[in-house]
Amino acid sequence: MNPIIIDKGKCTGCKKCLEVCIYNALEIIDKKAVVNIEKCTLCRLCMNVCKFNAISFFNIDQGKEITSYKGIWVIIEYFNNNIKNSFFQVISKANELSEITKEEITVIIIGKGLKQISNNFKKIFSEYGVKNIKLIDCINIINFFPEDIARIIFDEIILYKPSIVLFLGTNFGRSLAPRVASKVRTGITADCTELKISDDNNLIQIRPTYGGRIIASIICPFYRPQMASVRPNIFEIKKNRISMDKINLEYKEVEIDSIEKIKRVISTLKKDSKDISIDEADIIFCGGLGLGSKDGFKMLEYLANKVNAAVGATRAAVDKGWADASKLIGQTGKIIRPKIYFGFGVSGAIHHLIGMKNSKKIIAINKDPRAPILKIANIAIIGDVHDILCRLNNEL
Amino acid sequence: MEDIIVCVKQVPNTTKVKLDPVNHTILREGVESIINPFDDFALEEALFLKKKFNLKVSALTMGPNQALEVLNYCLSKGADEAYLLTDKKLAGSDTLATARSLAALIKKLGYKVIFCGQESIDSSTGHIGPSIGEFLNIPQVTHIEKILNYENEVVKVKEKNEFGYNIIKVKLPAIFSFLKSKKKLKRGIYSKDTKNIKVFSLKDIDIDENLVGLMGSPTRVVKIDVDDTIDYFLKVDSNLTAIERIKIILKGGIEEKKDRLVYKEINNTIISKLIQIIK
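Here's a quick rundown of the structure. All of these numbers come straight from a predicted model, not from anything done at the bench.

Reading the values: the criteria
- Residues numbered from 1 in each chain as written.
- Chains lettered and ligands numbered in written order.
- Predicted model: local features only at pLDDT ≥ 70, side-chain atom pairs only at ≥ 80, totals over all residues.
- Heavy atoms only, no water.
- Helix = DSSP H or I, 4+ residues; strand = E, 2+ residues; numbered from the N terminus.
- Contact = heavy atoms within 4.5 Å.
- Areas by Shrake-Rupley, 256 points an atom, 1.4 Å probe, with all protein chains shown as cover.
- Pairing = 2+ DSSP bridges.
- Axes fitted to C-alpha atoms, helices over the stretch in contact; angles between N-to-C directions.
- Expected span 1.5 Å × (residues − 1).
- Buried < 20%, exposed > 50% of the residue type's maximum accessible area, 1.4 Å probe, protein only.
- Phe/Tyr/Trp six-rings, centres within 6.5 Å; stacked < 30°, edge-to-face > 60°.
- Lys NZ or Arg CZ within 6 Å of the ring centre and 35° of its normal.
- Buried area = accessible area lost by both parts, 1.4 Å probe.
- Salt bridge = Lys/Arg side-chain N within 4 Å of Asp/Glu carboxyl O.
- Polar contact = N/O pair within 3.5 Å; in protein donor to acceptor, adjacent residues only side chain to side chain.
- Nonpolar A, V, L, I, M, F, W, Y, C, P; charged D, E, K, R; others polar.
- Core = buried A, V, L, I, M, F, W, Y, C linked by side-chain atoms within 4.5 Å.
- Parallel < 35°, antiparallel > 145°, perpendicular 65-115°, else oblique.
- Left-handed = near helix turned anticlockwise from the far one by under 90°.
- Disulfide = S-S within 2.5 Å.
- Patch = residues over 30% accessible without salt bridge, like charges linked within 9 Å, V, L, I, M, F, W, Y side chains within 5 Å.

1. A word on the overall build of chain B
Looking only at helices and strands, chain B has 7 helices and 15 strands in total. Here the contacts in chain B between residues at least 6 apart in sequence split such that 70% fall between residues at least 24 apart. Put simply, chain B shows about 13,900 Å² of open surface, and 52% of that area lies on carbon and sulfur atoms.

2. Focus on the sheet that holds strand 9 (residues 188-192) of chain A
Residues and elements named next belong to chain A. Read across the open sheet, the 7 strands follow the order 9-13-8-5-6-7-14; overall the sheet is parallel. Two strands lie at the open edges of the sheet, namely strand 9 and strand 14 (248-254), each paired on one side alone. Taking the axes of each pair of neighbouring strands and ignoring which way they run, one obtains an average angle of 20 degrees across the sheet. Across the face of the sheet, helix 4 (residues 118-126) comes into contact with strand 5 (72-78), strand 6 (105-111), strand 7 (132-138) and strand 14 while running at roughly 145 degrees to strand 7.

3. What to know about helix 6 (residues 171-184) of chain A
Residue and element names in this part refer to chain A. Spanning 14 residues, helix 6 covers 21 Å between terminal C-alpha atoms, matching the ideal 20 Å at 1.5 Å per step. Most of helix 6 is tucked away: 13 of the 14 residues are buried. Following helix 6 by one or two positions, Arg-185 adopts a phi angle in the positive range, close to 60 degrees.

4. Some remarks on the packing of aromatic side chains
The full count for this structure, using the stated rule, is 13 aromatic pairs over all chains. With centroids separated by 5.8 Å and ring planes inclined at 65 degrees, the aromatic side chains of B:Tyr83 and B:Phe200 adopt a geometry described as edge-to-face. With B:Tyr83 in strand 7 (residues 81-85) and B:Phe200 in strand 13 (residues 198-200), this residue pair connects regions lying 117 residues apart in the sequence. Each member of the pair B:Tyr83 and B:Phe200 is classed as buried. Centroid distance B:Phe115 to B:Phe176: 5.7 Å. Interplanar angle 80 degrees. Geometry classified as edge-to-face. Here the residue B:Phe115 occupies a position in strand 8 (residues 113-117), and B:Phe176 occupies one in strand 12 (residues 174-178), the gap between them amounting to 61 residues. Residue class for B:Phe115 comes out buried when judged on its relative accessible area of 0%. For B:Phe176, a relative accessible area of 0% puts it in the buried group. Three or more aromatic residues link up through ring pairs in this structure, and these residues are A:Phe79, A:Phe144 and A:Phe172. Directly above the aromatic system of A:Phe235 lies the positively charged group of A:Lys93, at a separation of 4.9 Å from the ring centroid.

5. A word on the interface of chain B and chain A
Each partner contributes to the interface: chain B provides 83 residues, whereas chain A provides 89 residues. Between chain B and chain A, the buried area comes to about 7,700 Å², and carbon and sulfur atoms account for 62% of it. The three residues of chain B that bury the most area against chain A are B:Arg220, B:Ile266 and B:Ile278, which together make up 10% of that side's buried surface. Inspection of the chain B/chain A interface yields 3 salt bridges. Of the charged contacts, one joins B:Glu119 and A:Arg174 as a salt bridge, the two residues approaching to 3.9 Å between their closest N and O atoms. On the surface where chain B and chain A come into contact, there are 33 residue pairs in polar contact (both at pLDDT 80 or more). Residues that form the side of chain B that touches chain A fall into these classes: 37 nonpolar, 21 polar and 25 charged.

6. Quick look at the nonpolar core
Residue and element names in this part refer to chain B. Residues Ile-4, Val-6, Val-57, Phe-115, Val-155, Val-157 and Phe-176 are the most contacted members of the largest nonpolar core, which totals 40 residues. When residues in this core are grouped by element, the largest group, 6 residues, is from helix 2 (residues 68-77). Those residues in contact with Phe-176 that sit more than four places away from it in its chain are Val-113, Ile-114, Phe-115, Cys-116, Val-141, Ile-144, Val-155, Val-157 and Val-170.

7. Focus: the sheet that holds strand 12 of chain B
Taken in spatial order, the 10 strands of this open sheet run 15(A)-11(B)-10(B)-9(B)-12(B)-8(B)-1(B)-6(B)-7(B)-13(B), and their pairing is mixed. In this open sheet, the two strands that pair with only one neighbour each are strand 15 (263-270) of chain A together with strand 13 of chain B. Between one strand axis and the next, the sheet turns through 30 degrees on average, direction left out of account. Each of strand 1 (4-7), strand 6 (57-62), strand 7, strand 8 and strand 13 of chain B is contacted by helix 3 (residues 95-109) of chain B, which is oriented at about 145 degrees to strand 6 of chain B, the strand it contacts most.

8. Looking at the packing of helix 7 (residues 294-306) of chain A against helix 11 (residues 385-395) of chain A
Residue and element names in this part refer to chain A. In the contact formed by helix 7 and helix 11, the axes pass within 11 Å of each other and the chain directions differ by 30 degrees. The angle between helix 7 and helix 11 places the two elements in the roughly parallel class. Handedness of the crossing formed by helix 7 with helix 11: left-handed. Packed against helix 7, whose contacting residues are Gly-296, Met-299, Leu-300, Tyr-302, Leu-303 and Lys-306, the element helix 11 presents Leu-389, Cys-390, Leu-392 and Asn-393 at the interface. Tallied by class, residues from the contact of helix 7 with helix 11 come to 7 nonpolar, 2 polar and 1 charged.

9. What about the state of the cysteines?
All chains considered together, the criterion is met by 0 disulfides over all chains. No disulfide involves B:Cys74; its sulfur sits 11 Å from the nearest other cysteine sulfur, which is in B:Cys7.

10. Notes on the side chain of A:Asp148
For A:Asp148, the location among the structural elements is in helix 5 (residues 146-160). The contact partners of A:Asp148, leaving out residues within four places of it in the chain, are A:Ile141, A:Ile256, A:Asp257, A:Ser258 and A:Ile259.

11. Quick word on a nonpolar patch on the surface
A cluster of nonpolar side chains, A:Ile22, B:Val221 and B:Ile224, forms an exposed patch at the surface whose accessible area comes to about 200 Å². With respect to the helices, strands and loops of the structure, A:Ile22 is situated in the loop between helix 1 (16-20) and strand 2 (26-29).

Structural data, given as structure tokens:
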């Protein structure tokens, strides 16, 4: 049976529902709307547009009691004694959502040895208007594994029933979120680039698919919590200061039967500490085809190290083998938001511009005056890349 | 009991996907279907272990009948068995329902090592590995570059993260999600041959049909849009005169920053300005 029910007494045959259904699952028979069960995906768009309240929904999973789930949670990793900047982007977005749903935000901080520093968290999160902080101190964990953390978050969800749970799309977050969702048996959307609230209070989760060519809007109408991982460096950080004594801080010690019995990290290879990640850097030196060779790129890296800048690369430079794919900036690589972006020999193909257009200040050097990047730069320099690298090197 | 099960997905070659300019729907006609490239790397690692330790490698996919093409591809590369899970009632599955269905079949087959790609090139969620892991209650390792060792029911892998690499040892059974690597892949052959494919339907696996397909999927796609980021860059103001519009198009259609500083040669003033900015 189809849980979408149309009240023939109320239906006027106005066809509004037909227009909105992207699956063509509705038709008018004898001047009344009829649902085609084969095509209907239960998305309920038709329900929302019907002015006559003729369409209703029989809840298949009434045990879930959707309305009893309240609050927006943001899961924060505190694994290396710091919080990545991008987590505050997620919190800023959560603030926007909470203004619409009128539900409070809780940040769930997962880490170890949190008791001594609990006041620091109050201070940090008071800047972002977070009223509830929950510190989860995993006292007996050596390595943070998604399997263990999923169990901890699962227990919290079952107890406190949040309506929305957001994760940052770090490698860890992307491995953790589906594990939690599967435990709870609820929906999960990966790598969201926008989040909104629909008129009927559902979280609209917007994400690119098909290699970024298509943007899909996804909802999770009958299950709670609604869960999503969020792509780093898409949302802007917005401060929203509140007084520290308005904050509820809960501290919880958790001792669990860890998966470490059967899964262990036996060694860790850290990248060169000088090698700053482009996700988090304030200054980025990006190299393009104009650098001419691998040696040109090495020169750029050398210079970047001197000033604590991170090194990024265009698709062309990565394809040439001058830089590692982890340095790729653009639609298929990283999206960045540094304070200062330097483009050395970068022409500015559309796919690269999409990845760096949000940089606060853009400085571009290219010998071709027609290079598109020069048009969107705050400072555009038409000239030889090697000349400028050498001169900067002499001065730094 | 299977030694290694490789979960594969048939995907449209996304670099060639076109959109209907009017309806903004995906034009699938004429777009070739391929094995998800991430899964191809997982398969390659499995076949490497097969050779080294004389293990049995099975390929598994869920999808409509035509998905058997990717299974034949896996067989042609050296997989020993191929399983297709297909049923009309599975249509419309999201990642939760898909993982639930795959896990049910894997349970039936018996499992020790499960391989999959880190993500698919069409939907790019990365959910399936961890989600199957959860349904089977076994450990997962994701973002794997390569298998380093396999002995005494313990697998050692190199896992990539934001800071570098972890070398992880995990006791079997476990599920592993592989990244693409620089390794050159052996090519396989796609065919519509049915004789070596073992087909399963919903009634062959132990699962409530309300928990799979559309009914078992919590998420719903409510809207599909074409990415307009590119349009934003290429947009030309229609109020401009024809000549101005042509000028903008010739420049690549990019909106110029109004207050930008342009230097046509490199001199000491610029250098000291840049140094000031950097510091």
